[in-house]
Amino acid sequence: MNKKLIILFMILLIVIVGCSNKSEIRIEDIEKIQLELVEIQNMDDGTEYHIKLLNESDYVIKQNIVHFEYPIKLDNGIKENKYKIEATNNRLNIQPDEEVMLYVFAPFEGMSENQTLALDDPSVMLKGYLEEVNEEYMFSIGRILTLNHSE
């Protein structure tokens, strides 16, 4: 009986220690993931946006998706547009201190007659996972894109 208690206690201790070694991802870690508008190229049939994704966190971005949108103008602000464009050149396993250049092409087709889109205030949203693809490690960030002219 005593041996069984010792073995049970050791198993319980291993489980507790194993769980406590798992690092807890905080909001400060997620804030270290940056999306920055680097360049805008106007073309005959649309606009191309170059967006830098910089992972300055201590964690690997295991999987992510980046969407671009023109928000919808309201009388008292803007709201999310359900029609989004997925950025290209994205990839898995973005390491700490690594940057990835993403590209979005927004065609002009259908936009000139649409006065409700906030064309001067495009936004980008990143949804992903840090360290492992698990609901516990899911995060999302978003922002309105403005070109930094000081570079």
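Residues numbered from 1 in each chain as written. Predicted model: local features only at pLDDT ≥ 70, side-chain atom pairs only at ≥ 80, totals over all residues. Heavy atoms only, no water.

**Q** How should the sheet that holds strand β7 (residues 98–107) be read in this particular structure?
**A** Within a beta sheet, neighbouring strands are joined by backbone hydrogen bonds and run either parallel or antiparallel to one another. Reading across the sheet, the three strands line up as β1-β2-β7 and stay open at both edges, with antiparallel pairing between neighbours. This sheet does not close on itself; its edge strands, each paired only once, are β1 (33–42) and β7. On average, each strand axis in the sheet is tilted by 20° relative to the strand beside it, whichever way the strands run. Looking at chain direction, strand β2 (residues 46–55) and β7 are connected through 10 bridges and run antiparallel. Within the sheet, the bridge partner assigned to Y49 lies in β7 and is V104. (Pairing = 2+ DSSP bridges. Helix = DSSP H or I, 4+ residues; strand = E, 2+ residues; numbered from the N terminus. Axes fitted to C-alpha atoms, helices over the stretch in contact; angles between N-to-C directions.)

**Q** Explanation requested: the sheet that holds strand β6 (residues 85–86) in the structure shown.
**A** Read across the open sheet, the four strands follow the order β6-β3-β8-β9; overall the sheet is antiparallel. Looking at the sheet topology across the chains shown, the edges are occupied by β6 and β9 (138–144). Judged from the two bridges that link them, strand β3 (residues 61–69) and β6 form a sheet pairing that is antiparallel. The residue of β6 that forms the bridge with H67 is E86.

**Q** What should I look at first to understand the nonpolar core in this one?
**A** Grouped together as the largest cluster of nonpolar side chains are 25 residues, with contacts concentrated most on I33, Y49, I51, L126 and F139. Those elements giving two or more residues to this core turn out to be β1, β2, β3, β7, β8 (123–130) and β9. By residue number, the principal contributor to this core is β7, which donates four residues. Discounting residues that sit within four places of it in the chain, L126 has contacts with I33, L35, L53, N64, I65, V66, F139, S140 and I141. (Core = buried A, V, L, I, M, F, W, Y, C linked by side-chain atoms within 4.5 Å. Buried < 20%, exposed > 50% of the residue type's maximum accessible area, 1.4 Å probe, protein only. Contact = heavy atoms within 4.5 Å.)

**Q** Even after reading the chapter, I still don't get the side chain of N55, so can you show me in this structure?
**A** As for its position among the elements, N55 is in strand β2. A distance of 2.6 Å separates a polar atom in the side chain of N55 from a polar atom in the side chain of S57. Those residues in contact with N55, other than ones at most four positions away along the chain, are K32, I33, V60, I61, I94, Q95, P96, D97 and E98. (Polar contact = N/O pair within 3.5 Å; in protein donor to acceptor, adjacent residues only side chain to side chain.)

**Q** Looking at this structure, how should I read the pattern of salt bridges?
**A** Side chains carrying opposite charge are able to pair once their charged atoms draw close together. With the rule as written, the count across this model stands at five salt bridges. The shortest N-O distance in the salt bridge between R26 and E28 comes to 3.3 Å. Judged by relative accessible area, R26 falls into the partly exposed class, the value being 46%. For E28, a relative accessible area of 40% gives the class partly exposed. Because the salt bridges share partners, they merge into one network encompassing E69, E80 and K84. (Salt bridge = Lys/Arg side-chain N within 4 Å of Asp/Glu carboxyl O.)

**Q** Would you explain the environment of K62 in this entry?
**A** Residue position: K62 is located in strand β3. A residue is classified by how much of its surface remains accessible, and K62, at 28% relative accessible area, is partly exposed. In contact with K62, other than residues within four places in its own chain, are L92, N93, Y129, L130, E131, E132 and V133. A polar side-chain atom of K62 sits 3.1 Å from a polar atom in the side chain of N93.

**Q** Please explain the pairing of β2 as it appears in this structure.
**A** Within β2, 10 of the 10 residues are buried, which leaves it mostly tucked inside the rest of the structure. Side chains G46, E48, H50, K52 and L54 of β2 all project onto a buried face; the interleaved residues T47, Y49, I51, L53 and N55 project onto the opposite face, where all are buried too. As paired elements, β1 and β2 share nine bridges and run antiparallel to each other. Residue pairing for β2: Q41 is matched across the bridge by E48. Between the antiparallel neighbours β1 and β2 lie three residues.

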